[in-house]
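Take a look at the letters that make up each chain.
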Amino acid sequence: MRISHKSRLISLLGASALVAATLTIVPAQAAAVGPLCNGASPVQSCQGTTSDGAPYVMMVPANFNGMVALYSHGYRYNIDIPAGIPIVGGYKITNTPEPIPGGNPTVANYFLSQGIAVMGSGFARQGWNLDSAVSTNVELIETFKKKFTTTTKVVAWGSSLGGIITQTLAEKYPTLVDAVAPMCMADNVAAELTMAGDFLWGMKTFFDPTIKAGNYSAGALGNAEALGDIVKVLTVMGKLQAGVASGAWPDTSSPAGKALEKAGIPSRSAILLLGLMAGLPTQSAHFDSVSGPEGALKLSFPLAVSPALAVLENGANAAILAILATQDVELQAGGTVFDNSSTDYAARVADSSVIFNAALSGNTAITAMLGVLAASPRAKATASAKVASLAATTGKINVPTIMMTGVADPITPAGATQRIIDKYTEQYAAEKDAARKAANRSGSYRTPAKKLLAIWSVTPKSWTKFDAAGSPITTAPAAPGTNHCNFTTANLVTVAKLLVTAGSTGSLPINAATFSAVRKSGGLLIDPDFSAPLLKYYGN
Amino acid sequence: MKAFNRRKLVTASAMLAVTALTITTVPAQAFSPKSEVGVSANEIKLGITIPMTGAASPGYNKVPAAMKAYFDYVNANGGVNGRKITLVVKDDQYVPTQAVAKTNELILKDRVFALVSPLGTANNKAVAASVNPAKRGVPVLFVNTGFSGFADVKKYPTTYSLLPSYVMEAKIMAEYIKDNFAGKTIGLVYQDDDFGSDALAGFKTAGVKFATTVGYASGSQSATTAAGWVTKLKAANCDVVILFGVSSATAAGLGTAAALKYAPQWILGSVGGDATTIKAAGVPAGVLYNAVGASFLPSTTDTADEYVSLFSGIYAKAVPGSAFDNNVLVGMNSAFVTVQALQAAGKNPTRKSLIAAINSKGSTFASAGLLPLNYSASSHVGYNGYWFGKYSPTGDLKPDGGKYTLYTTDSGSGAVVKSTYKRPAMPAKGLPN
């Protein structure tokens with residue numbers, strides 16, 4: 001999930017004319033401290049720690065109008081990662097507070113120039129921290145109100161894991177917030193870990209049986225095992241990418257995988273199947289699955305190759321988090337958390353195997369691959385009960401809520417947002433039913449106000465580019481709608497404005513101006529009929 | 001604000017967000033209180049996704065022009081309740097993910113009233129899963145595929161089949177083999193997806209025993225892969241080979257077999273005998289000569305048929321120089337049935353009234369088909385049978401003995417029987433009332 005970078009935050013804050021504060025990481029403490037404010041103008045900065053030791057920052061403009069926006073950051077790994085590890089090497093655990101998304105100065109300027117304060121915590125622990133983060137936020141809101149007694153409105157927003165933290169806050173403490181905006185929201189932990197686990201288990205089953213894919217040891221040994229898995233998975237992915245054209249399987253493949261190779265099934269079909277069964281998008285930052293280079297591959301590239309490359313690109317991003325989140329939740333739960341002992345992978349891909357039949361090399365190949373998955377040893381979770389006891393969203397919408405998510409987000413799939421939409425559809429129908437019954441008694445019917453607005457970050461028509469030799473170009477910026485929480489500053493400001501309006505008025509601004517603003521923001525869509533597939537955990 | 005108004009506002013604004021229009025740029029239209037997306041006082045807008053470019057496009061890319069030719073003919077004669085029909089064509093290149101993208105454009109940007117004759121099993125399944133026309137209430141009329149699943153009213157409540165299913169085709173083909181090639185060694189080449197699996201299900205129901213079966217992944221057909229097919233078919237000593245695939249597979253299979261001097265009796269599935277596609281693949285249409293084929297429409301060379309006569313005349317004027325082939329006939333017939341569905345939907349048609357009209361009146365629609373349409377509230381099955389014939393040296397399919405012998409069945413375990421259906425006379429001038 002979205003990783004916050006301390007260095008970026010600091011540099012951006014330094015660049016902001018409105019934000020004069022310099023952040024200092026406050027060490028975790030057992031008792032609440034602060035807030036200690038510097039009294040600066042036009043924006044004063046306050047910092048402190050909540051009673052759980054979570055450091056926080058508040059930025060309060062001199063013309064504070066009574067509203068504060070609480071931001072919850074995304075997932076941060078809960079172990080240090082040595083420099084030699086690909087992609088994420090050099091990461092150090094950090095609890096630096098993040099009061100605005102990524103320290104974005106334009107977003108900060110928007111709030112502060114309106115007289116709206118911003119605040120955010122670095123949370124007491126990293127990793128999957130939904131329970132503790134919600135508690136931290138509750139305390140932070142109370143702390144702010146106590147310090148700034150003219151506070152009248154609290155709005156909350158967050159990204160990725162911060163999205164579900166925000167949603168959970170609104171579900172459990174609706175009186176504390178006036179409006180919320182969960183963005184690229186994560187699903188509940190069981191659903192996210194199922195997606196992660198299915199993909200890792202498939203990688204292990206087909207391509208490298210030495211991948212642990214869970215059941216990590218405690219302590220340093222477990223860290224080493226998880227980091228070893230990252231290296232192995234990324235190595236396999238490198239080999240799969242190298243073999244995309246030839247169909248060659250990695251030399252580390254399992255005997256069953258090698259048998260599939262011998263049967264003429266290309267490895268690209270196998271990795272695509274794993275992506276489909278896990279629920280990874282088949283469009284990625286650089287692969288749209290619709291474009292082909294001019295010439296002989298114009299049709300066959302999007303038909304047979306591009307979806308596999310998209311899964312590889314998405315998988316590389318998702319696998320690291322999948323491994324580290326699995327390890328983290330296992331530690332919290334005291335046992336293994338992935339369970340595919342009764343998963344029917346054939347049912348999982350029943351529809352998608354038709355859509356991607358050519359890329360999967362036909363029904364016979366699909367049957368053979370599914371046969372291997374069906375016959376392979378399954379994982380049985382030992383700590384399911386503990387995982388079930390962790391905080392989770394119900395989808396209940398209590399306050400005006402604006403959601404924004406990418407339709408091809410590989411980490412927190414659009415289905416996580418769709419689940420909330422579906423739940424709210426039921427809720428709203430019940431509210432209307434109750435209103436009708438009340439009207440039968442009173443003789444006056446009033447349609448209940450809608451409390452959920454979903455905004456989708458959508459992909460362009462096509463975006464894969466090819467060089468003169470016909471090879472895909474993978475150095476361009478990720479297309480809108482792809483990658484994780486891939487929003488522009490304009491997108492974020494648009495949501496911020498809607499959030500502020502909803503918080504101020506107590507209702508969603510569903511009007512022409514809103515739709516115009518969303519449209520002008522670029523790459524966003526409001527379509528009540530759009531429907532994203534739910535995460536596979538939910539049985540689709 | 002009442003929920004109805006808000007909903008309308010949300011929907012309208014969402015459309016604007018996608019189309020990058022502003023409210024003021026929406027053309028002024030005399031909407032009636034019951035106006036519907038894609039329907040104005042003067043126009044009914046329909047949309048189609050189909051391969052217009054790329055390897056799969058030859059032949060299929062004639063369908064939209066054929067449909068437009070008939071719609072223009074209707075438009076020139078007053079349209080449907082005074083409204084002219086327009087057809088927005090999107091090129092999906094026969095790639096499912098493209099079909100999804102293009103269908104989204106048709107619904108959200110072009111704001112079509114209904115989708116009509118979208119082509120391909122995988123493409124239509126992709127659209128159903130990703131775009132979800134059923135949830136949006138968008139009618140998907142007369143899909144250009146014989147996949148039996150699309151007749152499932154519960155799963156695809158707004159989708160209507162037109163072609164007989166591939167299961168029906170395989171069962172009827174089995175009957176034909178029993179009658180004409182009893183005791184012969186049979187081989188099968190099939191597309192290894194839902195298209196082919198439908199056929200396999202039909203052959204299994206009919207009890208056909210194959211000496212060998214060769215599946216190919218969609219898109220993998222080529223002279224190289226076809227050489228492998230021939231090797232297997234030869235090794236199994238097949239006297240009769242069924243090729244149940246698209247026409248590009250027929251071109252690869254029959255072209256390669258001819259080059260390798262392998263000449264079994266070929267039996268082609270109904271979608272695999274298109275001479276236009278075969279010629280576009282660089283293979284002479286003559287490879288089709290004497291192969292057995294099947295159709296549910298009259299032969300395109302049957303100029304005595306009133307539909308063929310009318311449609312070929314209309315098409316010749318609309319698209320001069322373009323051959324009147326089975327793609328054209330299929331397209332014009334789909335348009336003909338579509339017009340009746342629109343008429344039946346009422347003076348101010350809505351998507352709901354269109355679906356209700358097909359469910360209640362669709363089985364009475366006139367058409368060029370030599371078998372009946374089977375629409376009802378519980379059935380979205382189109383035609384239900386075939387006749388068999390052989391291809392001429394120029395690639396035209398003609399009925400055995402110059403006479404259509406029609407067989408009918410279902411997509412289940414029902415028997416294959418000769419059809420007694422008598423096609424009603426064509427409405428005057430081919431203009432349904």
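All residue numbers refer to positions counted from 1 along the written sequence of the respective chain. Numbering of ligands from 1 and lettering of chains from A proceed in the order in which they are written. With pLDDT at 70 or above as the cut-off, local features in this predicted model cover only qualifying residues; side-chain atom pairs require 80 or more to be listed or tallied, and sums for whole chains, interfaces and linings still use all residues. Side-chain metrics in this entry use all non-hydrogen atoms of the structure; hydrogen atoms and water are not considered.

Undergrad: Tell me about the sheet that holds strand β1 (residues 43-50) of chain B, residues and numbers included.
TA: Residue and element names in this part refer to chain B. Reading across the sheet, the 5 strands line up as β2-β1-β3-β4-β5 and stay open at both edges, with parallel pairing between neighbours. Here the strands that pair on one side only, and so sit at the sheet edges, are β2 (84-91) and β5 (159-161). Direction aside, neighbouring strands of the sheet carry axes that sit 25° apart on average. Two strands are counted as paired when DSSP detects at least two bridges linking them. Strands here mean DSSP runs of E at least two residues long; helices mean DSSP runs of H or I at least four residues long; both are numbered from the N terminus. Looking at chain direction, β1 and strand β3 (residues 114-116) are connected through 2 bridges and run parallel. Residue L46 lies in a different strand from β3, and its bridge partner there is A114. Contacts are assigned to residue pairs with any non-hydrogen atoms lying within 4.5 Å of each other. Note on definitions: angles span 0 to 180 degrees between N-to-C directions of axes, and those axes are lines fitted to C-alpha atoms, for helices only across the stretch in contact. Those strands touched by helix α12 (residues 326-344) are β1, β2, β3 and β4 (140-143), and its axis lies near 150° from that of β4.

Undergrad: Residues and numbers for the pattern of salt bridges, please.
TA: A side-chain nitrogen of Lys or Arg and a carboxyl oxygen of Asp or Glu constitute a salt bridge if their distance falls within 4 Å. Applying the stated rule across the entire model yields 20 salt bridges over all chains. As a salt-bridge pair, D351(A) and K155(B) come within 3.9 Å of each other at their nearest N and O atoms. On the criterion of chain membership, the pair formed by D351(A) in the loop between α10 (345-348) and α11 (352-355) and K155(B) in the loop between β4 and β5 is interchain, its members lying in two chains. The buried label applies to any residue whose accessible area, calculated with a 1.4 Å probe on protein chains only, is under 20% of its type's maximum; exposed applies above 50%, and partly exposed to all values in between. A relative accessible area of 36% places D351(A) in the partly exposed class. With relative accessibility at 47%, the residue K155(B) sits in the partly exposed group. When salt bridges that share partners are traced, they join K461(A), K90(B), K102(B), E105(B) and D110(B) into one network.

Undergrad: Describe the sheet that holds strand β4 (residues 67-72) of chain A, with residues and values.
TA: The strands making up a sheet associate through backbone hydrogen bonding, with each pair oriented either parallel or antiparallel. Residue and element names in this part refer to chain A. Pairing in this open sheet of 10 strands is mixed, and the strands run β1-β2-β3-β5-β4-β6-β7-β8-β9-β12 from one edge to the other. In the strand order of this sheet, the two ends are held by β1 (33-37) and β12 (524-525), each with one partner. Two strands pair when backbone bridges link them, and strand β2 (residues 43-49) and strand β3 (residues 55-61) are joined in this way by 7 bridges, in the antiparallel orientation. Its bridge partner being in β3, C46 is matched across the sheet by M58. Sheet strands touched by helix α15 (residues 489-505): β4, β6 (153-159), β7 (179-183), β8 (401-406), β9 (452-457) and β12. Its angle to β6, the strand with the most contacts, is close to 150°.

Undergrad: Describe the domain arrangement of chain B, listing the residues and the values that go with them.
TA: All names here are of chain B. Domain start and stop points were drawn from an automatic or database domain assignment. According to the domain assignment, chain B consists of domain 1 (3-161 + 304-381) and domain 2 (166-295 + 387-430). In this structure, domain 1 and domain 2 have C-alpha centres spaced 28 Å apart. In this complex, domain 1 contributes 29 residues to the contact, which on the side of domain 2 involves 28 residues. What gets called buried area is simply the loss in accessible area from a 1.4 Å probe that two parts show on being joined, summed for both. Approximately 2,200 Å² of surface area, both sides summed, lies buried where domain 1 meets domain 2, with 56% of it carried by carbon and sulfur atoms. Among the residues domain 1 hides against domain 2, the three largest losses belong to E306, L370 and L371. Together they make up 25% of the total.

Undergrad: How would you explain the state of the cysteines if you had to name every residue and give the values?
TA: Residue and element names in this part refer to chain A. Disulfide: a pair of cysteine sulfur atoms within 2.5 Å of each other. Here the structure, examined in full by the defined rule, presents 2 disulfides over all chains. Disulfide pairing is shown between C37 and C46; the S-S distance is 2.0 Å. Given an S-S torsion of about 105°, the disulfide between C37 and C46 has right-handed geometry. For C37, a relative accessible area of 28% gives the class partly exposed. Here C46 falls in the buried class, since its relative accessible area comes to 0%. A sulfur-sulfur separation of 2.1 Å characterises the disulfide bridge that pairs C184 with C485. The sign of the S-S torsion, about 105°, decides the handedness of the disulfide formed by C184 and C485: right-handed. Remark: C485 occurs in the loop between β11 (472-473) and α15 and C184 occurs in the loop between β7 and α5 (189-206); sequence separation between them is 301 residues.

Undergrad: Account for the side chain of R419(A), naming residues and giving values.
TA: Residues and elements named next belong to chain A. On the secondary structure map, R419 appears in helix α14 (residues 414-442). The exposure class of R419 is buried, given its relative accessible area of 6%. With residues near it in sequence (within four places) discarded, R419 still touches D187, N188, T393, T394, L534 and Y538.

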